[in-house]
Amino acid sequence: MFSNRSLKIFPFLIQIIRSLSPISAQTCGSTDVFTRSDDELIFAQFPLQLANSIALFDGPASVSVAPTKTVNTITMTTEQLIYYNYFSASMYCPTTLETLSCCYCGHFNATVTEFAIFTNNELNTKALVTLHSSLREIVVSFRGSVTFMNWIMDLTLLPTQVSGVEIHTGFYLSLMSLYNEIVEEVGFLLLQNPGFHVVVNGHSLGAAMASVFIFQLTTLNQFPGTQYSLVTFGQPRTGNVGYADYMNALPIPMARVVARADIVPHIPPVSAFGVVDVLTGINYVHHTQEVWINGNVPPTFCSKNIYEDPTCSNSLGPLYSVLDHNQYFDADYSVCILVEGWLGIDFVTVEGFTPTNFIPPMPTVMQGFLTGLIQGGYQGALPSLG
């Protein structure tokens, strides 16, 4: 157990621990669904912001706040968004996902009649396909960034020309690393279960991959007559205006959920004072109606009439938060990353906190540093550094 002094040394870990109820294979700790970002509340105390706050991430307004063209997407319900968020959160559980016993899997595994997991070792991408016979539904879920290679893909900002539009090259390559296998699986399931609905979801990089997956399925008319839905969480900007126009014109249920001041939906920047578009030759802009978790119940369903509603999450710019990227509705995405990830240190023995399996531990030097820091403050961490 920890001393009081140790608890004060690592407040962000303790905050995670305290936010959790006892964890089993079927239940997860829950977060406050609509708590406003601490960053937002702190920054709200300062009346002066940057002179042109929209320009850094979300401008120019002539692009991001321009009127949309044809919008045929169908608004999804809050209940649907919360439900599919559990699929996206489960993708970060590297071991218990293999048996669908992960903490967030308990919200959907009772209806799963068949499932398959797909990975690509070169780009470190992962996807889950689940069949829900009683719901007449096939769900495709993509994992977000957890490895160095994922982050390399995130930072590959140059666009790729695909079917007449421009798509972020890193996101496109990440999706295509799994595309053939997933299409074969979905095709087999649709052959056995004609008329089933296909729902695609993901968080962060996985959200961008989910978006491009729907783009590919529909532009290639991969499964004629199939009904699709798309819901993303913390999705970065994925393509240009042409891409956004195409996605907005699809007559399918679609939602792009943004939690509080999450920074990821505001990158890549639309322009960044004219720097990004000059270097990449593209203005990235969002598609789909934003659903903003901003402290209200239910969340705010933003305008469909412009590409990015300036009264929703863009209104907080440029004071965005990395921490908000890990908490969507009542799911804390960091639970599986910390418990089943490489943070194999003794904080998991805290009373009421039951760990699941672990993947290989983090590097010895880093593990020694964090363990020493928790047990003995900064002085305890010094021996681990040699």
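In this text the structure is predicted, and so the values were computed from the model without any measurement.

Draft legend 1. Layout of the overall build of the protein. In terms of regular secondary structure, the protein is built from 13 helices and twelve strands. Across the 386 residues of the protein, 53% fall into the buried class. Carbon and sulfur atoms form 61% of the exposed surface of the protein, whose accessible area is close to 16200 Å².

Draft legend 2. Quick peek at the nonpolar core. One finds Val140, Phe142, Ile182, Val200 and Phe213 to be the most contacted residues of the largest nonpolar core, which totals 41 residues. Here the element with the most residues in this core is helix α8 (residues 169–192); it accounts for ten residues. If near-sequence neighbours (up to four positions away) are discounted, Ile182 is found in contact with Phe118, Ala127, Val129, Val140, Phe142 and Phe213. Core analysis: the second largest hydrophobic core is formed by 33 residues, Tyr86, Tyr104, Val139 and Ile293 among them.

Draft legend 3. Just the state of the cysteines, in detail. Counted according to the given criterion, the structure contains two disulfides. A sulfur-sulfur distance of 1.8 Å marks the disulfide that ties Cys102 to Cys105. Its torsion about the S-S bond being 80 degrees, the disulfide of Cys102 and Cys105 is classed as right-handed. Across the pair, exposure class does not vary: Cys102 and Cys105 are buried alike.

Draft legend 4. Looking closely at the pairing of strand β8 (residues 254–259). Burial runs high along β8: six of the six residues are buried. Burial along β8 is two-sided: Met254, Arg256 and Val258 facing one way and Ala255, Val257 and Ala259 facing the other are all buried. Here strand β7 (residues 228–233) pairs with β8 via four bridges, running parallel. Bridge pairing links Val231 to Ala255 in β8. Between the parallel pair β7 and β8, the chain is carried across by helix α10 (residues 241–249), and the sense of this crossover is right-handed. Of the pairings in the sheet, the one linking β8 to strand β9 (residues 290–293) comprises four bridges and is parallel in character. In the strand pairing of β9, Val258 is matched with Trp292.

Draft legend 5. Representation of the environment of Asp330. Checked against the element boundaries, Asp330 lands in the loop between β11 (327–328) and β12 (331–332). Sequence separation between Asp330 and Tyr86 is 244 residues, and the spatial gap between their C-alpha atoms is 9.0 Å. A distance of 2.7 Å separates the side chain of Asp330 from the side chain of Tyr86, its partner in a polar contact.

Draft legend 6. Representation of the pattern of salt bridges within the structure. Applying the stated criterion across every chain yields a total of four salt bridges. For the salt bridge of Arg237 with Glu308, the shortest nitrogen-to-oxygen distance reads 2.8 Å. With Arg237 in the loop between β7 and α10 and Glu308 in the loop between β10 (300–301) and β11, this residue pair connects regions lying 71 residues apart in the sequence. As far as the burial class goes, Arg237 and Glu308 line up, both buried.

Draft legend 7. Representation of unusual backbone geometry within the structure. The residue after Ile267, namely Pro268, is reached through a cis peptide bond having omega -10 degrees. Along the chain, Pro268 turns up in the loop between β8 and α11 (275–280). In this chain, Gly317 is followed by Pro318 through a cis amide linkage whose omega measures 5 degrees. Turning to its location among the elements, Pro318 is positioned in the loop between β10 and β11.

Draft legend 8. Geometry of the packing of helix α9 (residues 205–219) against α10. Where α9 meets α10, the axes come as close as 11 Å, and the angle between the chain directions of the two elements is 70 degrees. Taken as axis vectors, α9 and α10 run roughly perpendicular relative to one another. Packed against α9, whose contacting residues are Ser211, Val212, Ile214, Phe215, Thr218 and Thr219, the element α10 presents Tyr243, Tyr246 and Met247 at the interface.

Draft legend 9. View of the packing of α8 against α9. Packing of α8 against α9 brings their axes to within 9 Å, and their N-to-C directions diverge by 60 degrees. Considered as vectors, α8 and α9 are oriented oblique to each other. Of the two elements, α8 crosses α9, and the hand of that crossing is right-handed. Residue-level contacts link Phe171, Tyr172, Ser174, Leu175, Met176, Leu178, Tyr179, Ile182 and Val183 of α8 to Leu205, Ala208, Met209, Val212, Phe213, Gln216 and Leu217 of α9. Of the residues contributing to the contact of α8 with α9, the split by class is 14 nonpolar, two polar and no charged.

Draft legend 10. Up close: the environment of Thr147. Within the secondary structure, Thr147 is located in the loop between β3 (137–142) and α7 (148–154). Sequence spacing of Thr147 and Thr125 is 22 residues, and the spatial spacing of their C-alpha atoms is 9.1 Å.

Draft legend 11. Geometry of α8. With 24 residues, α8 should reach 34 Å at 1.5 Å per residue; the first-to-last C-alpha distance of 34 Å fits that figure. Taken as a whole, α8 carries its principal kink of about 50 degrees at Tyr179.

Draft legend 12. Quick peek at the packing of aromatic side chains. Taken as a whole and assessed by the stated rule, the structure comprises twelve aromatic pairs. Ring centres of Tyr84 and Phe87 lie 5.8 Å apart, and the angle between their planes is 35 degrees; this geometry places the pair in the tilted category. One end of the pair, Tyr84, and the other, Phe87, are both in helix α6 (residues 78–90), three residues apart, so they sit about a helical turn from each other. Residue class for Phe87 comes out buried when judged on its relative accessible area of 0%.

Cut-off values and rules
Residues numbered from 1 in each chain as written. Predicted model: local features only at pLDDT ≥ 70, side-chain atom pairs only at ≥ 80, totals over all residues. Heavy atoms only, no water. Helix = DSSP H or I, 4+ residues; strand = E, 2+ residues; numbered from the N terminus. Buried < 20%, exposed > 50% of the residue type's maximum accessible area, 1.4 Å probe, protein only. Areas by Shrake-Rupley, 256 points an atom, 1.4 Å probe, with all protein chains shown as cover. Core = buried A, V, L, I, M, F, W, Y, C linked by side-chain atoms within 4.5 Å. Contact = heavy atoms within 4.5 Å. Disulfide = S-S within 2.5 Å. Pairing = 2+ DSSP bridges. Right-handed = clockwise from strand over helix to strand, strands pointing away. Polar contact = N/O pair within 3.5 Å; in protein donor to acceptor, adjacent residues only side chain to side chain. Salt bridge = Lys/Arg side-chain N within 4 Å of Asp/Glu carboxyl O. Axes fitted to C-alpha atoms, helices over the stretch in contact; angles between N-to-C directions. Parallel < 35°, antiparallel > 145°, perpendicular 65-115°, else oblique. Left-handed = near helix turned anticlockwise from the far one by under 90°. Nonpolar A, V, L, I, M, F, W, Y, C, P; charged D, E, K, R; others polar. Expected span 1.5 Å × (residues − 1). Bend = angle between axes of the 7 residues up to and from the residue. Phe/Tyr/Trp six-rings, centres within 6.5 Å; stacked < 30°, edge-to-face > 60°.

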